[in-house]
Amino acid sequence: MSRTLILTALSAVMVALGGYLYLTASQSVSQTTSQPLMAASAQEAGNGDAASADAEETAAPEVIEMVMGDEDAPITVIEYASFTCPHCARFHEEVYPGLVENYVDTGQIRFVIREIYFDRYGLWAGMVARCGGPLRYFGISEMIMEEQREWVQGEPAEVAANLRRLGLRAGLTNEALDVCLTNNDMAQAMVTLSQEQAEADGVQGTPSFVINGEMYSNMGYDAFAELLDGLIAEAAE
């Protein structure tokens, strides 16, 4: 996917936040109807002018950078990935486990995941992955990648329910998922940051990797390991 298409897709997701983006209610409140993501804040405000004033005064929530590995590792790998990208799922199946075992766990690289949102499903997946905080993020994101073919199937309400079930299996509660999946301010902040980062790094497609400041396209494990070994050797000189 070209850089232009990536930024267009991000803009489309941003537009979705303003209207048609919606989520199903949890099983515990299954008698309620689906609501637009922005509906809760609007209903609670009651007054449009007051709501606008409050929104201006409220700072955007912080979107935490999801990082694993030694903070002082000589190599930093930033992966740009989409939860709905089949190539990303394949990377996480075939390459990522070896990188974690042989480079992250040994303190040689610091690994960062930055999410790209091509569609609302990818955004919802990111909201679920982040719902458990940094400690659970990587485990939940791996579940989402591993079962990508299953949870993306169906109508939007079905996809949202599939993602909720993944979150529950990961140990999240319905109450926590309700909060995460209806946090429109966080969703907006996630999309905005993703667009800024993708544009700043000139992301051309997913998965893409910024390794010690240099951009690389998708590659197999052997090519990745060869590159990392060379950089590690240089850093040791």
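Everything numeric in this text was worked out from a predicted model, so none of it was measured.

**Description of the overall build of the protein chain**
A count of helical and extended segments in the protein chain gives 12 helices and seven strands. Buried positions account for 44% of the 237 residues belonging to the protein chain. Once local pairs closer than 6 in sequence are excluded, the contacts in the protein chain between residues at least 24 apart make up 78%.

**Section: the pattern of salt bridges**
As enumerated under the stated definition, the model contains six salt bridges in all. Across the salt bridge formed by glutamate 94 and arginine 90, the nearest N and O atoms sit 3.2 Å from each other. A residue pair is termed a helical-turn pair when its members lie 3 or 4 positions apart in one helix, as glutamate 94 and arginine 90 do in helix α4 (residues 86–94) at four residues. Overall, the relative accessible area of 47% leaves glutamate 94 in the partly exposed class. Arginine 90 sits in the exposed class, given a relative accessible area of 53%. One salt bridge connects glutamate 115 with arginine 130, and the closest N-O pair in it is separated by 3.3 Å.

**A closer look at the nonpolar core**
Ranked by size, the top nonpolar core spans 56 residues in total, and within it Val77, Phe111, Trp151, Ile211, Phe224 and Leu228 carry the most contacts. Sort the elements by how many residues they give to this core and helix α6 (residues 120–130) lands first, with seven residues. With residues up to four places along the chain from it excluded, the contact list for valine 77 reads Ile109, Arg110, Phe111, Val112, Phe209, Val210, Ile211, Phe224 and Leu228. Ile78, Val112, Ile116 and Val210 belong to the second largest nonpolar core, which has eight residues in total.

**A short note on the pairing of strand β5 (residues 109–115)**
By the criterion of burial, β5 is predominantly enclosed, with six of the seven residues buried. One ladder, built from three bridges, connects strand β3 (residues 66–68) with β5; its direction is antiparallel. Paired with valine 67 across the bridge in β5 is valine 112. Relative to β5, strand β4 (residues 75–81) runs parallel, the two sharing seven bridges. Among the inter-strand pairings, isoleucine 75 is bridged to a residue of β5, identified as isoleucine 109.

**Considerations on the sheet that holds β4**
For sheets, the rule is that strands pair by backbone hydrogen bonds, running either parallel or antiparallel. One open sheet accounts for five strands, arranged β3-β5-β4-β6-β7; its pairing is mixed. Pairing within the sheet leaves two strands with one partner each, and these edge strands are β3 and β7 (214–216). The sheet shows a mean angle of 20 degrees between the axes of neighbouring strands, direction not considered.

**Description of helix α9 (residues 156–169)**
Compared with the 20 Å implied by 1.5 Å per residue over 14 residues, the 20 Å span of α9 between its first and last C-alpha is a close match. Listed in full, the buried residues belonging to α9 are Pro156, Val159, Ala160, Asn162, Leu163, Arg164, Leu166 and Gly167. Looking one or two residues past α9, glycine 171 carries a phi angle of roughly 100 degrees, positive in sign.

**Brief notes about the packing of aromatic side chains**
Within the structure shown, the criterion is met by six aromatic pairs. A centroid spacing of 4.8 Å and a plane angle of 50 degrees characterise the contact between phenylalanine 91 and phenylalanine 209, whose relative ring orientation is tilted. A residue pair is termed long-range when its members are at least 10 positions apart, and phenylalanine 91 in helix α4 and phenylalanine 209 in strand β6 (residues 208–211) qualify at 118 residues. Across the pair, phenylalanine 209 and phenylalanine 91 agree in class, each one buried. Each ring, one from tyrosine 137 and one from phenylalanine 138, has its centre 5.2 Å from the other, and the planes form 90 degrees; the classification is edge-to-face.

**Description of the environment of leucine 168**
Within the element layout of this structure, leucine 168 appears in helix α9. Distance in space between the C-alpha atoms of leucine 168 and valine 128 is 9.8 Å, their sequence separation being 40 residues.

**Some remarks on the packing of α4 against helix α5 (residues 96–104)**
It is the contact of α4 with α5, at a shortest axis distance of 3 Å, that shows an interaxial angle of 40 degrees. When the interaxial angle is binned, α4 and α5 end up oblique. Residues Phe91, His92, Glu93 and Glu94 of α4 form the contact with α5, whose own contacting residues are Tyr96, Pro97 and Leu99. Among the residues making up the contact of α4 with α5, the classes are represented as four nonpolar, one polar and two charged.

**A closer look at the pairing of β6**
By the alternation rule, side chains of β6 split into Ser208 and Val210 and Phe209 and Ile211, which are all buried. As paired strands, β4 and β6 are joined by four bridges and run antiparallel to one another. What sits directly across from valine 77, in β6, is isoleucine 211. Where β6 and β7 come together, three bridges link them in antiparallel fashion. Of the residues in β7, the one forming a bridge with phenylalanine 209 is tyrosine 216. Between β6 and β7, which pair antiparallel one after the other, the connecting turn spans two residues, and asparagine 212 there sits at a positive phi close to 45 degrees.

What counts and how
Residues numbered from 1 in each chain as written. Predicted model: local features only at pLDDT ≥ 70, side-chain atom pairs only at ≥ 80, totals over all residues. Heavy atoms only, no water. Helix = DSSP H or I, 4+ residues; strand = E, 2+ residues; numbered from the N terminus. Buried < 20%, exposed > 50% of the residue type's maximum accessible area, 1.4 Å probe, protein only. Contact = heavy atoms within 4.5 Å. Salt bridge = Lys/Arg side-chain N within 4 Å of Asp/Glu carboxyl O. Core = buried A, V, L, I, M, F, W, Y, C linked by side-chain atoms within 4.5 Å. Pairing = 2+ DSSP bridges. Axes fitted to C-alpha atoms, helices over the stretch in contact; angles between N-to-C directions. Expected span 1.5 Å × (residues − 1). Phe/Tyr/Trp six-rings, centres within 6.5 Å; stacked < 30°, edge-to-face > 60°. Parallel < 35°, antiparallel > 145°, perpendicular 65-115°, else oblique. Nonpolar A, V, L, I, M, F, W, Y, C, P; charged D, E, K, R; others polar.

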